[in-house]
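Here are the chains, one letter per residue:
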Amino acid sequence: MERHMAVTLALLALCVSTASAVRGSSYEAQLLEHLLLNHDAEPRPVLNSSSPVTVKIDAALAQIISVDSKNQQITVNLWYRSYWTDETMAWNASDFGGVSAIRVSSEKIWRPDIVVYNSLGAYSDAFADSEATIYSSGSLSWLYPVILTFTCAIDVTYFPYDEQTCEMQFGSWSFDGFKVDVHNRSATPDSGNYLENEEWELGSYTVRREEFFYGCCPEPYPVVTMSIFIRRKTLYYNYNVVAPCILIVFVSLFGFWVPAECGEKLSLGVTMLLSLVVFMQIVSQTLPATSTSVPYIAQFFGGTIVLVGVSVSLSAFGIYFHFHELNLKPPPTWLRTILFVDGFKPWQLIKNRKNKKVEPTVIANEGLEVVSMDDKEKEAEMSGEINAKVSRFGHNGNNNSGVGMQVTTHMEKIDTNVEALRKTSDENEEQEDLRNMWKTLAVQLDKVLMIGILVAFVVMTAAMFASLPPGILR
């Protein structure tokens, strides 16, 4: 008997709980049927047609997916949120088992046609098929995630040390401000769940409300503008673009140390010049084709290419100086002055050579005798002695006079040959001195060019970085 009583009580409890569950679920079904019965989603949800529908919107920034500088656009991941009141969908929660909120497909209710004016997507992309939450007071919240691509004017003047401000303009496409009044829900939009981008750093995320008047209509059109301020992270460009460029410049400077006899002196400079041009072409492919400004990186590459090109061109003069053979003349004074070589010993060689004592040899009639001729006086003295001996031989008889005439003739030939040899030797020494002077000039030219190009590159680089706006270098 007791067992039957326990089974009966258990069955009654099960029936009661099942009935309660059925009754609980039927409250939502009854509520949906009550709300959607004869409901028209087309007209604005106000009881007074002259009253506007106030829509408050918010867009939480979840992620910056990409920034396309070349095509002037940005792609972001947003959590879009909009809030408004539907006066035709209020109910008394006590009439429906205490149900104070219910979710319904957004396609079954009226929803504001809020779009992003500068979006690159289709018009239908602004309306996601997601659930909207309706509260017993008639207020609604409509939330859904969206990947949005919109235009952004990218200013590449300071690339890759640039900062950009991209704006999203939210507003009603069909209704003016007297029908749908759009406001921002909070003074600061939500970025608490923002996922950091690898290339861009989020500086700030702000919102403001504006009203625009167009020539077609006297009514105001409210717009909520959300601004994303971002800074480019420069580590990638410093490591992969700027550093190789600086390295190429220093390698090209080492070309001044290459001897002129080496055929690779000009080849090294030309190779470095072509490397800079290739680097510049690679960087320019990522930038928009604009004529309003020249990016800093392009200015840097352009200035570097000019310096390397000048160094390669002037290196050719150094090679010309080194192999200067035809019509050798002393280098002009102005050239020695600008190359700071007036104090060098090679420039005194010719003067020293001319003042140097020459010691040729002559052959006397008694045999081979080396005579030192330190100057013209000794030469005249020697000639006088020889003439005296010739005269002495001439007084000894007719036979001796013939021998004296032969000796005199041979001595004259010897003097002529010695003078020619001395003159040729002096000319050869002078030409060799001139060649050494031009070679020294070529070496000095390389030194001056290396120092000049290095100083010009350092000054150019410092000036460009110093002209960047404060705080833009990171």
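Residues numbered from 1 in each chain as written. Predicted model: local features only at pLDDT ≥ 70, side-chain atom pairs only at ≥ 80, totals over all residues. Heavy atoms only, no water.

Visitor: Would you explain the overall build of the protein chain in this entry?
Guide: Scanning the protein chain for helices and strands turns up 8 helices and 10 strands. In the protein chain, which comprises 474 residues, the proportion classed as buried is 37%. Sequence separation of 24 or more characterises 75% of the internal contacts of the protein chain that already satisfy a separation of 6 or more. In the form shown here, the protein chain has an accessible surface area of approximately 27,300 Å², with 59% of it arising from carbon and sulfur atoms. (Helix = DSSP H or I, 4+ residues; strand = E, 2+ residues; numbered from the N terminus. Buried < 20%, exposed > 50% of the residue type's maximum accessible area, 1.4 Å probe, protein only. Contact = heavy atoms within 4.5 Å. Areas by Shrake-Rupley, 256 points an atom, 1.4 Å probe, with all protein chains shown as cover.)

Visitor: Looking at this model, I keep getting lost on the sheet that holds strand 8 (residues 180–184). Mind explaining?
Guide: Sheets are built from strands paired through backbone hydrogen bonds, the pairs being either parallel or antiparallel. Pairing is mixed across the open sheet formed by 6 strands, whose spatial order is 3-5-6-2-1-8. Each edge of the sheet is formed by a strand with only one pairing partner; in this case those strands are strand 3 (101–105) and strand 8. Sheet twist, expressed as the mean angle between neighbouring strand axes with direction ignored, is 30°. (Pairing = 2+ DSSP bridges. Axes fitted to C-alpha atoms, helices over the stretch in contact; angles between N-to-C directions.)

Visitor: What's the story with helix 2 (residues 235–254) in this structure? I'm lost.
Guide: The α-helix advances 3.6 residues per turn, and as a result positions three or four apart in sequence lie on the same side. Given a rise of 1.5 Å per residue, 20 residues ought to cover 28 Å, and the 27 Å separating the end C-alpha atoms of helix 2 matches this to within 8%. Buried residues of helix 2: Tyr237, Val241, Val242, Pro244, Cys245, Ile248, Val249, Ser252 and Leu253, and no others. (Expected span 1.5 Å × (residues − 1).)

Visitor: Could you clarify how one ought to interpret the side chain of Thr225 in this entry?
Guide: Inspection of the secondary structure assignment puts Thr225 in strand 10 (residues 217–232). A residue is classified by how much of its surface remains accessible, and Thr225, at 0% relative accessible area, is buried. Polar contacts involving the side chain of Thr225 include one to the side chain of Glu210, which spans 3.3 Å. Those residues in contact with Thr225 that sit more than four places away from it in its chain are Glu167, Met168, Gln169, Thr206, Val207, Arg208 and Glu210. (Polar contact = N/O pair within 3.5 Å; in protein donor to acceptor, adjacent residues only side chain to side chain.)

Visitor: I would appreciate a short explanation of the pattern of salt bridges in the present structure.
Guide: Side-chain pairs of opposite charge can arise whenever the charged atoms involved come near each other. Scanning all chains against the criterion turns up 10 salt bridges. Measuring nitrogen to oxygen at the nearest pair gives 3.2 Å for the salt bridge that ties Glu163 to Arg231. With Glu163 in strand 7 (residues 163–172) and Arg231 in strand 10, the pair connects residues that are 68 residues apart, well separated along the chain. Classification of Glu163 by relative accessible area gives partly exposed; the value is 30%. Between Arg209 and Glu211 there is a salt bridge whose closest N-O contact spans 3.2 Å. By relative accessible area, Glu211 is classed as partly exposed at 42%. (Salt bridge = Lys/Arg side-chain N within 4 Å of Asp/Glu carboxyl O.)

Visitor: Just checking my understanding: could you explain the sheet that holds strand 10 for this structure?
Guide: The strand order across the open sheet built from 4 strands is 4-7-10-9, with neighbouring strands paired in antiparallel fashion. Two strands bound the open sheet, and with one partner strand each, they are strand 4 (114–116) and strand 9 (200–214). Strand-to-strand, the axes of this sheet are offset by a mean angle of 20°, without reference to chain direction. Where strand 7 meets strand 10, 8 bridges bridge the pair, whose relative direction is antiparallel. Within strand 10, the position partnered with Cys166 by the bridge is Ile228.

Visitor: Quick question: what am I supposed to make of the environment of Gln169 here?
Guide: Relative to the helices and strands, Gln169 resides in strand 7. A relative accessible area of 25% means that Gln169 is categorised as partly exposed. Sequence-wise, Gln169 and Pro222 are 53 residues apart; in three dimensions their C-alpha atoms are separated by 9.9 Å. The residues contacting Gln169, other than those within four sequence positions of it, are Val115, Val116, Tyr117, Asn118, Val223, Val224 and Thr225.

Visitor: Teacher, can you tell me more about the confidence of the model for the protein chain here?
Guide: Caution applies to low-pLDDT parts of the model: their predicted coordinates are not meant to be read in detail. Per-residue pLDDT for the protein chain averages 75, and the proportion of residues at 70 or more is 65%. Within the protein chain, helix 6 (residues 349–355) has the poorest average pLDDT of any element, 49, and strand 8 the best, 94. A low-confidence stretch, residues 13–24 (pLDDT under 50), is modelled with 0 contacts involving residues beyond four sequence positions or located in other chains. (pLDDT = per-residue confidence, 0-100.)

Visitor: Just checking my understanding: could you explain the state of the cysteines for this structure?
Guide: Every disulfide links exactly two cysteines, by a covalent bond between their sulfur atoms. Tallying each qualifying case throughout the model produces 1 disulfide. Note that Cys152 is cross-linked by a disulfide to Cys166, the S-S spacing being 2.0 Å. Since a negative S-S torsion denotes a left-handed disulfide, the Cys152-Cys166 link at about -80° is left-handed. Here Cys166 lies in strand 7 and Cys152 lies in the loop between strand 6 (139–151) and strand 7, a separation of 14 residues in the sequence. You can call Cys152 buried: its relative accessible area is 3%. (Disulfide = S-S within 2.5 Å.)

Visitor: What am I meant to see in the packing of aromatic side chains here?
Guide: Working definition: an aromatic ring pair is given by the centre-to-centre distance plus the angle between the planes. A complete count under the given rule lists 14 aromatic pairs for this structure. The interplanar angle of 70° and the centroid separation of 5.6 Å between the aromatic rings of Tyr214 and Tyr221 together place this pair among those described as edge-to-face. Accessibility expressed as a relative area gives 41% for Tyr214, which makes it partly exposed. Residue classification places Tyr221 among the buried residues on the basis of a relative accessible area of 14%. Seen from their ring centres, Phe300 and Phe301 are 6.3 Å apart, and the 75° between their planes marks the pair as edge-to-face. Both residues of the pair, Phe300 and Phe301, belong to the buried class. Following the ring pairs from residue to residue traces out a cluster consisting of Tyr80, Trp84, Trp110, Trp142, Tyr144, Phe170 and Phe175. Here the basic side chain of Arg185 rests over the ring of Tyr83, its NZ or CZ set 4.0 Å away from the ring centre. (Phe/Tyr/Trp six-rings, centres within 6.5 Å; stacked < 30°, edge-to-face > 60°. Lys NZ or Arg CZ within 6 Å of the ring centre and 35° of its normal.)

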